[in-house]
Amino acid sequence: MKQRAPKQTKPKIAWQTNDGTRVPFEVFYDSDLYAAELDRIYSGAHWQYLALASEIPNQGDYTSTYLGERRVVVCRDNDGKIHSFENRCAHRGAQVVPRQRGNASQFNCPYHMWCYNHAGDLTAVPQSGGVKGKGGMPKDFDLSAHGLRKLKIAQYGGLIFGTFAEEIMPLEQYLGPTMVKHLDRFTKRPIRVLGYYRQVVEANWKLYAENTRDPYHAPLLHLFHVSFGIQTPAKAGGSYMDDEKKNNCIVVTGAPEDADDHALLIEQYKTNEKYRPDYALRDPRIIGTQRSHDDDIDLVIMSIFPSLVVAQVESAFQIRHIRPKGPEKFEIYWTYFGYDDGDEKETTDKLRVANMIGPAGFISMEDGEASRLVQQGVRTQKGTHSFIEMGGRGDVTDQDTLAQEVAIRGFWQYYRKVMGFNAETGGGQP
């Protein structure tokens, strides 16, 4: 009887180029590759966003989130110190903290009531000494050896980051100078959370990593962007990366008259109907809202590998946390924020614009749908690839134009390194 060949358990995906200009479509749906990503990226040596420190201001405050698909809790103890631990009981694996956020003096697993403190240390086990001289734990049972899995944490500008890795570079080095500069700008005033959104997208998480590093699409996909002057080909801007090319910051600046370069925009949009200067807003208060900073920056999209986006669109400021939910689904958890020292008008403006930017608005809904359309187009494709040459081939460098996709190639070059794809031949497997 002929023996069957052993099942291939690792994806073997060929890359036609080394510079990120060709991305095999299998990376967006291969289940073995996705499992490897959860291990190497989300459980590996990467700083990942957890929460804002202002979300847990008091002793015992906690919030829950994800690193990849692993549930974690962020908590402030009675001394004001912040801790983070995996939301999985050391006993039988049950989820210990079922609520999104709250305040607790301790954490009890609902299954068998194992008790943990704010740091995730095991402090008590019911009936561990037995009952009436029978049962109980072995005599060498040690509470200190059975705490919750703890994360290493660090903060920058009131943003809390965590990692499961034992060894990792300092957070500020991981972010890079450009990200630090713009985080400083966002956080130089005391942050106030204004609200939350959740958005589920039927697509692979890496398509959103591409989207948020792609200034080329914004004035083409988003009719609202170009018709009302938020981001147009007439405005100045570019993409700026860290040394490893994993993080990117899109910045768009411009004076009000830039949006009125009618002749340029007519030429740029002569093959489509995305520029509609005849459109008007029923409520014009959405555009031209009160600025929060004394500069000419209209838009900032910071993409920090693997799962964080910090963004400004007009006066809407938000943190977007990417949470993969399988090879072909991810969730974006939105945290909208303003400032404690802002007046009522500034806060009202931000809430009004949040409706325009968010999952049910003109921009994020379109980004999610664009990602879904790509997923539907590539999910059955093998041996074929995307074509990413807007802005050129070869070396990945900072760009001072918006008509390019260079930072996407930087993402893929770093991704290949982390996942172990062979950079010499363009092929390989993780």
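Each remark here, short or long, concerns the structure printed above.
Quick summary incoming for the structure in this document.

The rules behind these values
Residue positions within a chain follow its written sequence, with the count starting from 1. Local features are withheld for residues below a pLDDT of 70 in this predicted model, meaning they are given only at 70 or higher, and side-chain atom pairs are given and counted only at 80 or more; totals for whole chains, interfaces and linings count all residues. As a convention, hydrogens and water are excluded, and side-chain values are obtained from all of the structure's heavy atoms. Buried residues are those whose accessible area, probed at 1.4 Å on protein chains only, stays under 20% of the maximum for their type, while exposed residues exceed 50% and partly exposed ones sit between those limits. Numbering goes from the N terminus for both helices and strands, where a helix is a DSSP run of H or I of at least four residues and a strand is a run of E of at least two. Strand pairing is assigned whenever DSSP detects at least two bridges linking the two strands. Whenever a helix is involved, its axis is fitted only over the stretch in contact; in every case the axis is a line through C-alpha atoms, and angles between N-to-C directions fall within 0 to 180 degrees. Contact between two residues is taken to exist if any of their heavy atoms lie within 4.5 Å; hydrogens are not considered. Polar contact criterion, stated in full: a pair of N or O atoms within 3.5 Å, where within protein one must be able to donate a hydrogen and the other to accept it, and residues adjacent in sequence count only if both atoms are side-chain atoms.

### Remarks on the pairing of strand β13 (residues 248–253)
The two faces of a sheet get side chains in turn, since along a regular strand they alternate between them. Most of β13 is tucked away, with six of its six residues classed as buried. Every second residue of β13 is oriented toward a common face, with Asn248, Ile250 and Val252 on one face and Cys249, Val251 and Thr253 on the other, all of them buried. Where strand β12 (residues 236–241) lies against β13, six bridges are found, and the strand directions are antiparallel. Each residue of the ladder has a partner; that of alanine 236, found in β13, is threonine 253. Here β12 hands over to β13 after six residues, with lysine 245 in that stretch at a positive phi of 70°.

### Details of the sheet that holds strand β16 (residues 316–324)
The strand order across the open sheet formed by seven strands is β11-β17-β16-β15-β14-β13-β12, and the pairing between neighbours is antiparallel. Of all the strands in the sheet, just β11 (191–201) and β12 have a single pairing partner and so form its edges. On average, adjacent strands in this sheet sit at an angle of 15° to one another, irrespective of strand direction. This element, helix α9 (residues 364–378), spans β11 and β17 (330–339) of the sheet and lies at about 30° to β11.

### Regarding unusual backbone geometry
The linkage connecting phenylalanine 305 with the following residue, proline 306, adopts the cis geometry, with an omega of 0°. One can find proline 306 in the loop between β14 (297–304) and β15 (308–313). With phi around 65°, methionine 113 is a residue other than glycine that occupies positive phi space. Here methionine 113 lies in the loop between β6 (107–108) and β7 (115–116). Under the relative-accessibility criterion, methionine 113 is labelled partly exposed at 41%. Phi is positive for lysine 132, close to 55°, though the residue is something other than glycine. Tracing the sequence through the fold places lysine 132 in the loop between β8 (122–124) and β9 (152–156).

### A short note on the side chain of arginine 409
Its place among the elements puts arginine 409 in helix α10 (residues 406–419). In terms of polar contacts, arginine 409 uses its side chain to reach the backbone carbonyl oxygen of aspartate 19, at 2.8 Å. Once you skip the residues sitting within four places of it in the chain, arginine 409 turns out to touch Asp19, Gly20, Thr21, Ile388, Gly392, Arg393, Gly394, Asp395 and Val396.

Keep in mind these values describe shape, not function.
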